[in-house]
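# A structural walkthrough
Listed below are the residues making up each chain.
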Amino acid sequence: MSNSYRFPDDFLWGAATSAYQIEGSTTADGAGPSIWHRFSHTPGNTWLDQTGDVACDHYRRYRDDVALMSELGLNSYRFSIAWGRIFPQGTGVVNKKGIDFYSRLVDALLEKGIKPNATLYHWDLPEALDDRGGWLNRDIAEWFCDYAVTMFDALGDRIEMWSTLNEPWVVTDGGYVSGVLAPGHSNLFEAPIATHNLLRAHGTVVERFRSTKAAKKLRGKIGIVVNLEPKYPASESAEDLDATRRADAYVNRQYLDPIFLGKYPVELAQLFGEAWPEWPDEDMRLIKQPIDFLGVNYYTRRVEQYHPDYLPLRTKHVPQPQHIQTDTNWEVFPEALTRVLLWVNERYGGGKLPIYITENGAAFYDPPHTIDGRVEDPLRVEYYRQHLRAAHEAMSKGVNLRGYYAWSLLDNYEWAHGYSKRFGIVHVDYSTQQRTIKSSGRYYSSVIRSKGEILSK
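The notes below deal with the structure included here.

A separate point is the overall build of the chain. Within the chain, the regular secondary structure consists of 15 helices and 13 strands. In terms of overall size, the chain behaves like a compact globule, its C-alpha atoms giving a radius of gyration of 21 Å where 457 residues would be expected to give roughly 23 Å. Viewed in the frame of its principal axes, the chain has a C-alpha envelope of about 60 × 55 × 45 Å. Relative to its 457 residues, the chain shows a buried fraction of 63%. Sequence separation of 24 or more characterises 76% of the internal contacts of the chain that already satisfy a separation of 6 or more. As presented, the chain carries roughly 17,500 Å² of accessible surface, and 50% of it is formed by carbon and sulfur atoms. Distance between charge centres in the chain, computed from 51 positive and 58 negative side chains, equals 6 Å.

Here it is in structure tokens:
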């Protein structure tokens, strides 16, 4: 590795959050409930039946949180917009109070010199649309586009980075295969339809963004955010190698191949069998819209081993106890971040695709309350040190990496885990909503100030 870890002067240093995980006030000021509101309010779905009704109370405390971002030295902030705040019924009548909230947030960020990076969909589909089929209804591409255009019109003069979807694989796998995430379905015949409609919605919005941008002279760029999980074979046996390819197709190529190559991986038809439909050519052309950047969320790798009983992949994960495990039982393996960025660059980017690490972080145990007003989290400090070095290594090998966003700015509502997993670089005492910058936040701030030079120490 290089002795110097200096990053470019125009590199974006940020942190990321999502609406349902931090905002609270989920139905305030006319907002419509989301599928996560319904899912979390259904007993047995989440840890201790916890909901996002309050979360970090960011809806009311956003100015304090922007001040924290400024104190940390962030020059960008990635957040998501709650679709149901804008369209309480998913379509139809616009809720101006919802738009006003995000407009105030964006203005507060810009006042501090922090570039807003907005994600249109981070898993919180309006409940009213789920009642009409949600991601299983082909009409959702137009519903999503109407919502997106409303946001472009409202905030496009101030937001320069837009992402259509966050981690569509998780939407489909958690929401339609395993059922552990909203809307809680478990149906192999539904999963490919949800995947395809997510991608159609993405393509429709990107296409419309281009025409809106040309007509209204907006400055922004548009992309998508995917979670990537490099797959390693447990052995060199033919069965393990095949299992690893299937897992890679399912997690990593399922969304990127259609967007960049205009086709799904052949392994998907093999995995889903009769549940895999043939898709119209015009759909694939729509999905393959040129994007301005790719957001990559990276947390861990997986070592795969053939197992006939684990359907549909016929593979199981092999734990790697020789490495540190996070509180979510994810192996800490920073080398795979370099590897996956190089893979994306080679397979899809031709060395030119602008890439942002839009989420990277770890859940480790932190006490619910501060100790002497401090939160020491040395494992998380080391996680960031190693992964930022790995990101720089990818840059040194030709990856066009433009920015890095720590996940997460705040401890927050971690979906079905409730409040039991803390990812934040800022500690939240949920009983008082007191924020405290952790030692990992202080460390990340020092990395930003030194433009990465401190990573060499």
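Now that the structure has been shown, the text picks up again.
Ranked by internal contacts, the top residues of the largest apolar core, which has 133 residues, are Trp36, Phe79, Trp83, Tyr102, Trp135, Phe152 and Trp162. No other element matches helix H7 (residues 140-155), which puts 11 residues into this core. Residues within four places of Phe152 in sequence aside, it is in contact with Leu120, Trp162, Val205, Phe209, Thr212, Leu218 and Ile222. One finds Leu12, Met161, Phe293 and Ala362 within the second-largest nonpolar core, a separate group that totals 14 residues.

Okay, the packing of helix H5 (residues 96-111) against H7 next. Interhelical geometry of H5 versus H7 gives an angle of 45° and a closest axis separation of 11 Å. As judged from the angle between their axes, H5 and H7 are oblique. The two elements H5 and H7 cross, and the hand of that crossing is right-handed. Here Ile99, Tyr102, Ser103 and Val106 of H5 lie close against H7, whose contacting residues are Thr150, Ala154 and Leu155. Its residues assigned to classes, the contact of H5 with H7 shows five nonpolar, two polar and no charged.

Further remarks concern the sheet that holds strand S9 (residues 315-317). Sheets are built from strands paired through backbone hydrogen bonds, the pairs being either parallel or antiparallel. Here three strands make up an open sheet; going across it, the order is S6-S8-S9 and the pairing mixed. Strands with a single pairing partner mark the edges of an open sheet, and in this sheet they are strand S6 (231-233) and S9. On average, each strand axis in the sheet is tilted by 40° relative to the strand beside it, whichever way the strands run. Bridge analysis of strand S8 (residues 302-306) against S9 gives three bridges, and the strand direction is antiparallel.

Across all of its chains, the model carries 35 salt bridges by this definition. Across the salt bridge formed by Arg253 and Glu267, the nearest N and O atoms sit 3.1 Å from each other. With a gap of 14 residues between them, Arg253 in helix H10 (residues 238-261) and Glu267 in helix H11 (residues 266-272) connect regions that are remote in the sequence. For the pair Arg253 and Glu267, a shared accessibility class is recorded, and that class is buried. If you follow the salt bridges from partner to partner, you end up with Asp366, Asp377, Arg380, Asp411, Arg422 and Lys438 in one network.

So, about the packing of aromatic side chains. Tallied over the entire structure, the rule returns 40 aromatic pairs. A centroid spacing of 6.0 Å and a plane angle of 50° characterise the contact between Phe144 and Tyr147, whose relative ring orientation is tilted. In this pair, Phe144 and Tyr147 both sit in helix H7, three residues apart, roughly one turn of the helix. The residues Phe144 and Tyr147 share a single accessibility class, namely buried.

The next thing to look at is H10. Between the first and last C-alpha of H10 there are merely 27 Å, a value that for 24 residues lags more than 12% behind the 34 Å anticipated at 1.5 Å per step. The axis of H10 is deflected most strongly, by about 65°, at Arg253. Burial runs high along H10: 18 of the 24 residues are buried. Within two residues after H10, Gly262 carries a phi angle of roughly 75°, on the positive side.

Before going further, it helps to examine the pairing of strand S2 (residues 76-80). Where burial is concerned, most of S2 is hidden: five out of the five residues are buried. In terms of strand pairing, strand S1 (residues 12-16) meets S2 through three bridges, oriented parallel. Residue Ala16 lies in a different strand from S2, and its bridge partner there is Arg78. Summarising the sheet, S2 and strand S3 (residues 115-121) pair through five bridges and their orientation is parallel. Bridge pairing in S3 links Ser80 to Thr119.

Glancing now at the environment of Asp57. Within the secondary structure, Asp57 sits in the loop between helix H2 (35-40) and helix H3 (58-72). We classify Asp57 as buried; its relative accessible area is 5%. For Asp57 and Asn252, which are 195 residues apart along the polypeptide, the C-alpha to C-alpha distance reads 34 Å. Ignoring anything within four residues of it in the chain, the contact list for Asp57 reads Ile22, Glu23, Ser25 and Gln433.

A separate point is the side chain of Arg158. For Arg158, the position within the fold is in the loop between H7 and strand S4 (161-166). There is a polar contact of 2.9 Å between the side chain of Arg158 and the backbone oxygen of Ala154. Apart from the residues within four sequence positions on either side, Arg158 is in contact with Ser103, Val106, Asp107, Leu110, Pro116 and Arg219.

Thresholds, definitions, all that
Residues numbered from 1 in each chain as written. Predicted model: local features only at pLDDT ≥ 70, side-chain atom pairs only at ≥ 80, totals over all residues. Heavy atoms only, no water. Helix = DSSP H or I, 4+ residues; strand = E, 2+ residues; numbered from the N terminus. Rg over C-alpha atoms; globule rule 2.2 N^0.38 Å. Buried < 20%, exposed > 50% of the residue type's maximum accessible area, 1.4 Å probe, protein only. Contact = heavy atoms within 4.5 Å. Areas by Shrake-Rupley, 256 points an atom, 1.4 Å probe, with all protein chains shown as cover. Lys, Arg positive; Asp, Glu negative; His and termini not counted. Charge placed at Lys NZ, Arg CZ, Asp CG, Glu CD. Core = buried A, V, L, I, M, F, W, Y, C linked by side-chain atoms within 4.5 Å. Axes fitted to C-alpha atoms, helices over the stretch in contact; angles between N-to-C directions. Parallel < 35°, antiparallel > 145°, perpendicular 65-115°, else oblique. Left-handed = near helix turned anticlockwise from the far one by under 90°. Nonpolar A, V, L, I, M, F, W, Y, C, P; charged D, E, K, R; others polar. Pairing = 2+ DSSP bridges. Salt bridge = Lys/Arg side-chain N within 4 Å of Asp/Glu carboxyl O. Phe/Tyr/Trp six-rings, centres within 6.5 Å; stacked < 30°, edge-to-face > 60°. Expected span 1.5 Å × (residues − 1). Bend = angle between axes of the 7 residues up to and from the residue. Polar contact = N/O pair within 3.5 Å; in protein donor to acceptor, adjacent residues only side chain to side chain.

Don't take any of this as a statement about function, it's just geometry.
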